[in-house]
Amino acid sequence: MASTACGSRSLLQFLRLLGRLKRVPRTGWVYRNVENPESVSDHMYRMALMAMVTRDEDLNKDRCIRLALVHDMAECIVGDIAPADNVPKEEKHRREEEAMKQITQLLPEELSEELYDLWEEYETQSSAEARFVKQLDQCEMILQASEYEDLEHKPGRLQDFFDSTAGKFSHPEIVRLVSELEEERNANIAAAPGEPQP
């Protein structure tokens, strides 16, 4: 009985820790003064849905969904470290690795290993699924950027997010999605009255 209670206590601690992701805003939007920016968990949720609706039968869809749900998990402890924070890649990885060890130790050994291994697979880009989910990560970001531009009625304002992903998409489904998104966005920019946005 005691071990079950202890297990439940650890699980509750794990869930509370992950609950913080609902309150960690995505730093890139904060830096660009986006009103009511999405949280890290908002981003991961849509990524998981994007993985779920892929039609690529060569990918393990279940694994892609799991990778999407785990890839930013460490941010419940370290926060969302953006490129603008100028934290070296190695240091960012070190901080996130420590956080993942802290998070996963709250779970039973088998689950702990599974979550940590998924995170590491994404970090090292060691599988086709991890590489696909990395592209989903960037695709979701520019989809969100275009939605913020629409909400603000400022087409083109968040161009730097699009610039940062140029040439990074290779998966055919994502390439088609991004092409459609950019076509819509370019039409909105062309139709916008007044001066171009900074």
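What counts and what doesn't
Residues numbered from 1 in each chain as written. Predicted model: local features only at pLDDT ≥ 70, side-chain atom pairs only at ≥ 80, totals over all residues. Heavy atoms only, no water. Helix = DSSP H or I, 4+ residues; strand = E, 2+ residues; numbered from the N terminus. Buried < 20%, exposed > 50% of the residue type's maximum accessible area, 1.4 Å probe, protein only. Contact = heavy atoms within 4.5 Å. Areas by Shrake-Rupley, 256 points an atom, 1.4 Å probe, with all protein chains shown as cover. Lys, Arg positive; Asp, Glu negative; His and termini not counted. Charge placed at Lys NZ, Arg CZ, Asp CG, Glu CD. Core = buried A, V, L, I, M, F, W, Y, C linked by side-chain atoms within 4.5 Å. Phe/Tyr/Trp six-rings, centres within 6.5 Å; stacked < 30°, edge-to-face > 60°. Lys NZ or Arg CZ within 6 Å of the ring centre and 35° of its normal. Patch = residues over 30% accessible without salt bridge, like charges linked within 9 Å, V, L, I, M, F, W, Y side chains within 5 Å. Salt bridge = Lys/Arg side-chain N within 4 Å of Asp/Glu carboxyl O. UniProt positions renumbered as here; feature names shortened; annotations may be inferred. Expected span 1.5 Å × (residues − 1).

Engineer: What exactly am I supposed to notice about the overall build of the protein here?
Structural biologist: Helix and strand counts for the protein stand at 10 helices and 0 strands. Its helices and strands in sequence order give the protein the pattern α-α-α-α-α-α-α-α-α-α, from N to C terminus. Split into buried and exposed, the 198 residues of the protein put 40% on the buried side. Counting contacts in the protein only where the partners sit at least 6 residues apart, residues at least 24 apart contribute 67% of the total. Surface summary for the protein: the accessible area is close to 11,700 Å², and the carbon and sulfur share equals 52%. Measuring between centres, the 24 positive side-chain charges of the protein sit 4 Å from its 39 negative side-chain charges.

Engineer: How should the nonpolar core be read in this particular structure?
Structural biologist: Formed by 47 residues in total, the largest nonpolar core has its most connected members in Trp29, Met100 and Val133. Within the residue set of this core, elements represented by two or more residues are helix H1 (2–19), helix H3 (40–52), helix H4 (61–70), helix H6 (89–104), helix H7 (109–124), helix H8 (128–152), helix H9 (159–165) and helix H10 (172–191). Looking at which element gives the most residues to this core, the answer is H8, with 9 residues. Beyond its immediate chain neighbours, meaning those up to four positions away, Val133 contacts Met47, Cys64, Leu67, Ala68 and Tyr122.

Engineer: What should I look at first to understand the packing of aromatic side chains in this one?
Structural biologist: Aromatic ring pairs: the centre-centre distance and the angle between the two ring planes describe each pair. According to the stated counting rule, one finds 3 aromatic pairs in the structure shown. Relative to Phe161, the ring of Trp29 lies with its centre 4.5 Å away and its plane at 35°, an arrangement referred to as tilted. Taken together, the residues Trp29 in helix H2 (residues 27–31) and Phe161 in helix H9 connect sequence positions 132 residues apart. The class of Trp29 is buried, set by a relative accessible area of 1%. An aromatic cluster is present here, built from Trp29, Tyr148 and Phe161 joined pairwise through their rings. Of note, Arg185 hangs over the ring of Phe162, and the distance from its end group to the ring centre comes to 3.7 Å.

Engineer: Just checking my understanding: could you explain a negative patch on the surface for this structure?
Structural biologist: A cluster of acidic residues, Glu109, Glu110, Glu113, Asp117 and Glu120, forms a negative patch at the surface. Mapping Glu113 onto the fold places it in helix H7. Overall, the relative accessible area of 44% leaves Glu113 in the partly exposed class.

Engineer: Teacher, can you tell me more about the environment of Glu98 here?
Structural biologist: Its location among the elements puts Glu98 in helix H6. For Glu98, a relative accessible area of 42% gives the class partly exposed. Measuring from C-alpha to C-alpha, the distance between Glu98 and Ala192 comes to 47 Å, with 94 residues separating the pair along the chain.

Engineer: What should I look at first to understand the pattern of salt bridges in this one?
Structural biologist: Side-chain pairing between opposite charges can occur once the charged atoms of the two side chains come close. Per the stated rule, a full pass over the model turns up 12 salt bridges. The partner of Arg66 in a salt bridge is Asp62, with the nearest N and O atoms 2.8 Å apart. Taken together, the positions of Arg66 and Asp62, both in helix H4 and 4 residues apart, correspond to about one turn of that helix. The exposure class of Arg66 is partly exposed, given its relative accessible area of 34%.

Engineer: Can you walk me through the environment of Met50 in this structure?
Structural biologist: Looking at the secondary structure, you find Met50 in helix H3. A relative accessible area of 12% means that Met50 is categorised as buried. In the structure, Met50 is positioned 86 residues away from Leu136 in sequence and 7.2 Å away in space, judged by C-alpha atoms. Excluding anything up to four places from it in sequence, Met50 contacts Leu136, Cys139, Glu140 and Leu177.

Engineer: For this particular structure, what's the right way to read the UniProt feature "domain: HD" (unreviewed entry) in the protein?
Structural biologist: The positions UniProt marks with the feature "domain: HD" (unreviewed entry) are residues 40–142. From the first C-alpha to the last, residues 40–142 spans 15 Å; its make-up is 72% helix and 0% strand.

Engineer: Is there a simple way to explain H8 in this structure?
Structural biologist: Since the α-helix turns once every 3.6 residues, residues separated by three or four places project in the same direction. For H8, which comprises 25 residues, the first-to-last C-alpha distance of 36 Å matches the rise-based estimate of 36 Å (1.5 Å per residue) to within 8%. Positive phi shows up at His153, right after H8, with a value of about 55°.

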